[in-house]
Amino acid sequence: MRERIIILGLFLLMAWPAEIWAGSFGKDDPSGVPGQWYVGEDPADIDENKAPIVFIHGLNSSSATWWKENDMYETAYTNGYQTAFIDLYPDKNMWNNGELLAEKLGEIYEHFGKKVVLAAHSKGGVDAQTALIYFGADEYVERVVTLSSPHHGSELADLAHSEGASWLADIIGNKNEATQSLQTGYMAYFRDITDREPGIENTSMYTFGGTGWGPAWGSLFWGGLYLSQYGSNDGAVTVSSSRLPYAEEIRVDDWTHYTIKEGNATFNLFQPYLQTSSLQSNVQMESLSPHSAATFHRGGKFKRQKTETFHIEENVESVTIQWTSSSPTSDLTLFSPKGKQFDQFRTSRDQSSYFHGAYNHTMTIENPGHGLWRIQAHSADKEAYLLNVHFQSDINENLNLKVHGKNNPQVRLLTGKDTVSNVRTTLTLGHESFKSPDRVKTSTIDMAADGTIFLRGMEKGVYNITAQVRGETQMGNKFNRSIVQTLYIDDKGNVYWR
């Protein structure tokens, strides 16, 4: 690890960059103030043909992520690269961060005297592209490498703003402008307006995606399990969301959302792309697979005791029960339909960015019996929670929520008529305005018998739709599922969704 860094940025009322020594990485870390940027030590022999690398952090993070328990900075230095690191707002949307980043990239360009390469993790990739396309930063940037960036949003952001989970996300501080903007409905709008911009291909872009969740029951396990109904993922972002049609995909591998940004994992893979724009990727692009309805969730707040129930249908291979809470001391007991008790939950701290800091209490049961199950929680104090039940079941593929219509949308539940019957669906619509992100208007609607609801005359903003589905299998056993879908309606009434 190098011994010193140089801090450059604006401090208080000073109008020009200042240079001061900030101590060693990992010991005397920079403050993380948005807009400050830091320069790594110059290699012994600077190769003028190598563009400096500017590292950009992601959601709920800071510049320290590139050297604290990470060898990315050291790896870049050892390979002869000049480096810089910047702190953006950890909880703001891409517009705020894109504008700030563009301004600071101009300063960094002046410092090095040449164009730079951007290496961006997670939401940092979205912020970087915003800076290039909308705030003129492309004149300072040679190319961009994104490491598991949610270019199409994340379904975990959808969940964090959904009916059942918003209480928890709000209390633990992860319901903010950043997660609001990463909902898949809003990102569909962002992709539509951004990918049509004339300068979209002016700067070469390269992407990475991950498929690992880390150790079983670890901090990314639950996020990976939830996202598995949407495809391969790294515990926070799906592989399909990490891709762009005009970007070259360097590799998809068994990285988690956090190991993908480590120097020993990916630097040697993207290093050739820092110097040559003519390299071609050999990765085969997979088509987006249809979503499946594999989960049921409920959530809210309680004091001292809370009981939730859910139905399990026949022939379920396994069920994973996840109780995510704001407290590490939740006392949980699961009861089967025959009264058998289960209390061996495994507890881990969540690191998915969207529920970062919450506590996951997890249990998997193989071949559970069908019927009504019950989970009871006890807490010494007030607690916010999210119950999420993941089913390995054949009926998952026979339930899907679809949106149709660009101007007068309709939401429709698609079912496999030969596998389920007596289906009833209740929709909860949450409307969020970017002007007042903390104010959410909600309404609850029972879907028509044909499984369709029309949405007319809706205001501009993000709409988070939580569908609670209940019905029966052909054998007459009851089931429960939850499906989350987000939409964005622009000021012209156009509707966007993924």
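Remember, predicted model here, so these are calculated numbers, not experimental data.

1. Regarding the packing of aromatic side chains
Applying the stated criterion to the full structure yields 26 aromatic pairs. Each ring, one from Y81 and one from F267, has its centre 5.8 Å from the other, and the planes form 80 degrees; the classification is edge-to-face. Linking Y81 in the loop between helix 1 (72-78) and strand 5 (83-86) with F267 in helix 9 (residues 263-275), this pair joins segments that are 186 residues apart in sequence. As far as burial versus exposure is concerned, Y81 and F267 are alike and both buried. One aromatic cluster is present, built from ring pairs that chain together F55, W66, W67, Y73 and F85. Note that K50 overlies the ring of Y81, its terminal NZ or CZ placed 4.8 Å from the centroid. R481 extends its terminal NZ or CZ atom over the ring of F391, reaching a point 3.9 Å from the ring centre.

2. Some remarks on the sheet that holds strand 17 (residues 399-404)
Overall, antiparallel pairing links the three strands, which are arranged 17-18-21 in an open sheet. For this open sheet the edge positions go to strand 17 and strand 21 (452-454), each flanked by a neighbour on one side alone. In this sheet, adjacent strand axes meet at a mean angle of 15 degrees when their direction is disregarded. Bridge count for strand 18 (residues 410-415) against strand 21 is three bridges, and the pairing is antiparallel. Bridge pairing links V411 to I453 in strand 21.

3. Notes on the pattern of salt bridges
A side chain of one charge can pair with a side chain of the opposite charge if their charged atoms are brought near each other. Taken as a whole, this structure holds 12 salt bridges when the rule is applied. In this structure, E107 and K104 form a salt bridge, with 3.3 Å as the shortest nitrogen-oxygen distance. In this pair, E107 and K104 are both assigned in helix 2 (residues 94-112), three residues apart and thus about one turn of the helix distant. Summarising the burial analysis for this pair, E107 and K104 share the class buried. Where R498 meets E155, a salt bridge forms, and the shortest distance between an N and an O atom there is 3.2 Å. Placement of R498 in the segment after strand 24 (495-496) and of E155 in helix 4 (residues 155-160) is noted, with a sequence separation of 343 residues between them. Residue R498 is classed as partly exposed on the basis of its relative accessible area of 22%.

4. Let's talk about the pairing of strand 23 (residues 478-489)
Within strand 23, 11 of the 12 residues are buried, which leaves it mostly tucked inside the rest of the structure. For strand 23 and strand 24, the ladder comprises two bridges, and the chain directions are antiparallel. Across the sheet, residue Y488 finds its bridge partner in strand 24, namely Y496. Between strand 23 and strand 24, which pair antiparallel one after the other, the connecting turn spans five residues, and G493 there sits at a positive phi close to 90 degrees.

5. Some thoughts on helix 3 (residues 123-134)
Residues that lie three or four places apart on an α-helix share one face, since the helix turns once every 3.6 residues. Along its 12 residues, helix 3 runs 16 Å from first to last C-alpha, staying within 8% of the 16 Å computed at 1.5 Å per residue. With respect to burial, helix 3 is a largely interior element, 11 of its 12 residues being buried. Where helix 3 is concerned, the buried positions are K123, G124, G125, V126, D127, A128, Q129, T130, A131, L132 and I133. Immediately beyond the C-terminal end of helix 3, within one or two residues, lies G136, with a positive phi of roughly 75 degrees.

6. Notes on the pairing of strand 4 (residues 53-56)
On strand 4, burial covers both faces: I53 and F55 on one face and V54 and I56 on the other are all buried. Where strand 4 meets strand 5, four bridges bridge the pair, whose relative direction is parallel. Considered in strand 5, the bridge of F55 is made with F85. In this view, the connection linking strand 4 to its parallel neighbour strand 5 by way of helix 1 has right-handed handedness. Taken together, the four bridges between strand 4 and strand 6 (residues 116-121) define a ladder with parallel strand orientation. For I53, the partnering residue across the bridge sits in strand 6 and is V117.

7. A closer look at the side chain of T146
With respect to the helices and strands, the residue T146 is situated in strand 7 (residues 141-147). The class for T146 is buried, based on a relative accessible area of 0%. A polar atom in the side chain of T146 sits 3.2 Å from the side chain of H151. Ignoring any residue separated from it by four or fewer positions in sequence, one finds T146 in contact with A120, G125, H151, M205, Y206, T207 and F208.

Reading the values: rules and limits
Residues numbered from 1 in each chain as written. Predicted model: local features only at pLDDT ≥ 70, side-chain atom pairs only at ≥ 80, totals over all residues. Heavy atoms only, no water. Phe/Tyr/Trp six-rings, centres within 6.5 Å; stacked < 30°, edge-to-face > 60°. Helix = DSSP H or I, 4+ residues; strand = E, 2+ residues; numbered from the N terminus. Buried < 20%, exposed > 50% of the residue type's maximum accessible area, 1.4 Å probe, protein only. Lys NZ or Arg CZ within 6 Å of the ring centre and 35° of its normal. Pairing = 2+ DSSP bridges. Axes fitted to C-alpha atoms, helices over the stretch in contact; angles between N-to-C directions. Salt bridge = Lys/Arg side-chain N within 4 Å of Asp/Glu carboxyl O. Expected span 1.5 Å × (residues − 1). Right-handed = clockwise from strand over helix to strand, strands pointing away. Polar contact = N/O pair within 3.5 Å; in protein donor to acceptor, adjacent residues only side chain to side chain. Contact = heavy atoms within 4.5 Å.

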